[in-house]
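Architecture at a glance
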Amino acid sequence: MAEKKLSGAGLRGQSAGQTKLCTVGKSGSGLTYCGYDVSDLADNATFEEVAYLLFNGELPNQSQLYDFKAELLTQRDLPQALKEVLKLIPADAHPMDVMRTGCSFLGNLEPEVDFSEQNKASNRLLAVFPAIMCFWYKYSHHGLEIDCVTDEDSIGGHFLKLLTGNNPSDLHRKVMDVSLILYAEHEFNASTFTARVCASTLSDMYSCVTGAIGSLRGPLHGGANEAAMDMIQKFSSPADAKVQMAGMLQRKEKIMGFGHAIYSESDPRNVIIKAWSEKLGQDFGDSSLYHISVACEEFMWDSKKLFCNADFFHASAYHFMGIPTKLFTPIFVCSRLSGWAAHIMEQRSNNRIIRPSADYIGAEPRKVTAISQR
Ligand code: COA
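Cut-offs used in this document
Residues numbered from 1 in each chain as written. Predicted model: local features only at pLDDT ≥ 70, side-chain atom pairs only at ≥ 80, totals over all residues. Heavy atoms only, no water. Helix = DSSP H or I, 4+ residues; strand = E, 2+ residues; numbered from the N terminus. Rg over C-alpha atoms; globule rule 2.2 N^0.38 Å. Buried < 20%, exposed > 50% of the residue type's maximum accessible area, 1.4 Å probe, protein only. Contact = heavy atoms within 4.5 Å. Areas by Shrake-Rupley, 256 points an atom, 1.4 Å probe, with all protein chains shown as cover. Lys, Arg positive; Asp, Glu negative; His and termini not counted. Charge placed at Lys NZ, Arg CZ, Asp CG, Glu CD. Salt bridge = Lys/Arg side-chain N within 4 Å of Asp/Glu carboxyl O. Pairing = 2+ DSSP bridges. Axes fitted to C-alpha atoms, helices over the stretch in contact; angles between N-to-C directions. Parallel < 35°, antiparallel > 145°, perpendicular 65-115°, else oblique. Left-handed = near helix turned anticlockwise from the far one by under 90°. Nonpolar A, V, L, I, M, F, W, Y, C, P; charged D, E, K, R; others polar.

1. Re the overall build of the protein
Within the protein, the secondary structure is distributed over 16 helices and three strands. Radius of gyration (C-alpha) of the protein: 22 Å, near the 21 Å computed for a compact globule of 374 residues. The principal-axis extent of the C-alpha atoms belonging to the protein is close to 70 × 55 × 45 Å. Within the span of the protein, comprising 374 residues, buried residues form 51% of the whole. A separation of at least 24 residues holds for 75% of the contacts in the protein among residues at least 6 apart in sequence. For the protein, the exposed surface amounts to about 18000 Å²; the carbon and sulfur share of it is 52%. Once the 36 positive and 43 negative side-chain charges of the protein are each reduced to a mean point, those two points are 9 Å apart.

2. Here we look at the pattern of salt bridges
Here the structure, examined in full by the defined rule, presents 18 salt bridges. For Arg 196, the salt bridge identified is with Glu 346, shortest N-O distance 2.7 Å. One end of the pair, Arg 196, is in helix 9 (residues 190-200); the other, Glu 346, is in helix 16 (residues 328-349), with 150 residues separating them in the sequence. The exposure class of Glu 346 is buried, given its relative accessible area of 16%.

3. Points about the sheet that holds strand 1 (residues 22-24)
Read across the open sheet, the three strands follow the order 1-2-3; overall the sheet is antiparallel. Two strands bound the open sheet, and with one partner strand each, they are strand 1 and strand 3 (36-37). Inspection of the sheet shows strand 1 paired to strand 2 (residues 31-33) by three bridges, in the antiparallel sense. Along strand 2, the bridge assignment pairs Cys 22 with Tyr 33.

4. A closer look at the packing of helix 8 (residues 170-183) against helix 13 (residues 268-284)
The interhelical angle for the contact between helix 8 and helix 13, taken along N-to-C directions, is 160°, at an axis separation of 11 Å. With respect to helix 13, the element helix 8 is oriented roughly antiparallel. Of the two possible hands of crossing, helix 8 and helix 13 adopt the one that is left-handed. Side by side, helix 8 and helix 13 meet where Leu 171, His 172, Lys 174, Val 175, Val 178 and Leu 182 of the first sit next to Arg 269, Ile 272, Ile 273, Trp 276, Lys 279, Leu 280 and Asp 283 of the second. Grouping the amino acids of the contact of helix 8 with helix 13 by side-chain chemistry returns eight nonpolar, one polar and four charged.

None of the figures reported here should be taken as evidence of function without further support.
Right, here's the structure in full:
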């Protein structure tokens, strides 16, 4: 029988360490990276600037950004051995397993020998994740061996071009960039905490990130955007959405893309991606999925006071850009890598192995009886 949920279950409400990287639910719109409000960053910065900010604590000036982007551009291609491994992974594999394997295998080919190489390793992963995802996807689903280098200057644009083979529109490029900013960092969430626990043992960057990908894979964390997409696609209209959701709540089903462990009234990322989803729907020429999503949002607030988290309107936004649902969570990896790597570096800079205790609720002390007596 399941144990009763304790008030501190899931370490809720407890501080598990210090960080200079992010606040959640404290100031500004509710989410800040190194003191900057996420809405300010989404309006006035690019994802590369945000990644630089997380890695270095300050936004780059023009020449620092130029050098950073130039370095990332040279790091985009995949080693042939990694391509061969990706070609072996079947089309029905979970794309997050592909990301996990891609990261782990790259760690065999290009190990982080010591921590002086941490920037090299994190830049490499930032540059290469879109190609790991798209190379596998295009090969396994369409039999195509794509060129992993594009002339797209931004990581978001690069991903879209790898996926479609075409130059993305300015709107799509912009929304991908905003999306990568919104997903970049979120304090001690489950995957970041996984990365920090691993880093606290003085393990290497690739092991920390591989573990974090495993945590992000679950539907209660990164997998929620895909689950939200699967759900809204089943609704034929806003009215149908409300009827079906009422049934789901009655059956005590969790509605993916709603609720949050820290925010209590709204997720500051939602209003941003929701506005872009509306624009994308108009551009797509069929906004019905957007209107269905709005009906879901209204229904959940009216009936349970539950609000959309960052994942919910990402589902329709990605769909309007023609991104296959199974790639939604891997995109999250391409973005959150920036937060994970920054936390790994921060943990290393002032490390003590993370080793909490547990409240014991098992059997009283007892003696082993001979096997013949049991
Ligand atoms: N759908 C239906 N009910 C929900 C819900 C959801 N998405 N999120 C929370 N609730 C309900 C819970 O059932 C619980 O009700 P109860 O007290 O009657 O048991 C109550 O609200 C508190 O939720 P709880 O699961 O304890 O919150 P949490 O802090 O442990 O979990 C999440 C937070 C995010 C894991 C949770 O809201 C969730 O599972 N959401 C769906 C997955 C998702 O979108 N994840 C992405 C997070 S960014």
